[in-house]
Amino acid sequence: GQQLNQSPQSMFIQEGEDVSMNCTSSSIFNTWLWYKQDPGEGPVLLIALYKAGELTSNGRLTAQFGITRKDSFLNISASIPSDVGIYFCAGHPTPGNTGKLIFGQGTTLQVKP
Amino acid sequence: NAGVTQTPKFQVLKTGQSMTLQCAQDMNHNSMYWYRQDPGMGLRLIYYSASEGTTDKGEVPNGYNVSRLNKREFSLRLESAAPSQTSVYFCASNEGTVNTGELFFGEGSRLTVL
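Rules of the game
- Residues numbered from 1 in each chain as written.
- Chains lettered and ligands numbered in written order.
- Predicted model: local features only at pLDDT ≥ 70, side-chain atom pairs only at ≥ 80, totals over all residues.
- Heavy atoms only, no water.
- Disulfide = S-S within 2.5 Å.
- Helix = DSSP H or I, 4+ residues; strand = E, 2+ residues; numbered from the N terminus.
- Buried < 20%, exposed > 50% of the residue type's maximum accessible area, 1.4 Å probe, protein only.

*Asks:* Please clarify how the state of the cysteines should be interpreted in this entry.
*Replies:* The term disulfide refers to a covalent linkage connecting the sulfur atoms of a pair of cysteines. Tallied over the entire structure, the rule returns 2 disulfides over all chains. Put simply, C23 of chain A and C89 of chain A are joined by a disulfide, and their sulfur atoms are 1.9 Å apart. Since a negative S-S torsion denotes a left-handed disulfide, the C23 of chain A-C89 of chain A link at about 40 degrees is right-handed. With C23 of chain A in strand β3 (residues 19-24) and C89 of chain A in strand β9 (residues 85-93), this pair connects stretches of sequence that are 66 residues apart. Residue C23 of chain A shares its accessibility class with C89 of chain A, and that shared class is buried. For C23 of chain B, the disulfide goes to C91 of chain B, at an S-S distance of 1.9 Å. An S-S torsion of about -75 degrees defines the bridge between C23 of chain B and C91 of chain B as left-handed. Linking C23 of chain B in strand β3 (residues 19-25) with C91 of chain B in strand β9 (residues 87-94), this pair joins segments that are 68 residues apart in sequence. For the pair formed by C23 of chain B and C91 of chain B, the shared burial category is buried.

Read these as geometric descriptors, not functional statements.
What follows is the structure in structure tokens.
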């Protein structure tokens, strides 16, 4: 089946550093979304991307829908301790959005104060 | 608003026992979803309901059944639990009947099958 590959699997960074993570697929995706999961909680949507090439920011977060429609990246600038968590990419394989949103394996981020 | 509420939050079962995970949303959303989360595997869709009265299989439906009781509630049932079903289960909802990807998740139900 279709899969999303996230990298890196985990990151351990110093507070204030910038972070970059990405998500790739062997097939075209219709939408790309980025979620964050805090420990013990459910995932929360950060950014949704719907067009190839789209670049969207949400505060210190910036995400892009790759031109090839097979990848997306998420950048976090000036990281802070509350950025700790698991970041998931997700997407709809084209054609159709029939409920089957595919999730990546997640990138675990640790921030050292 | 409470959003998406799941019960129970924790459960331990013995192999072969049955149980039902409950989920309710108060956002008047049309579609609802059950995912399971396992280490290193992200979230995998078990079943979903695009609208009241309809249910469909997701990626990993074997061993589960669902019931969309009404627009608010979507339950997940394990008829005969197996150790492979040890996982964290998340219920989610979406405003539309088509999954735009903008899901609202509950806090999760951690299930251990011994």
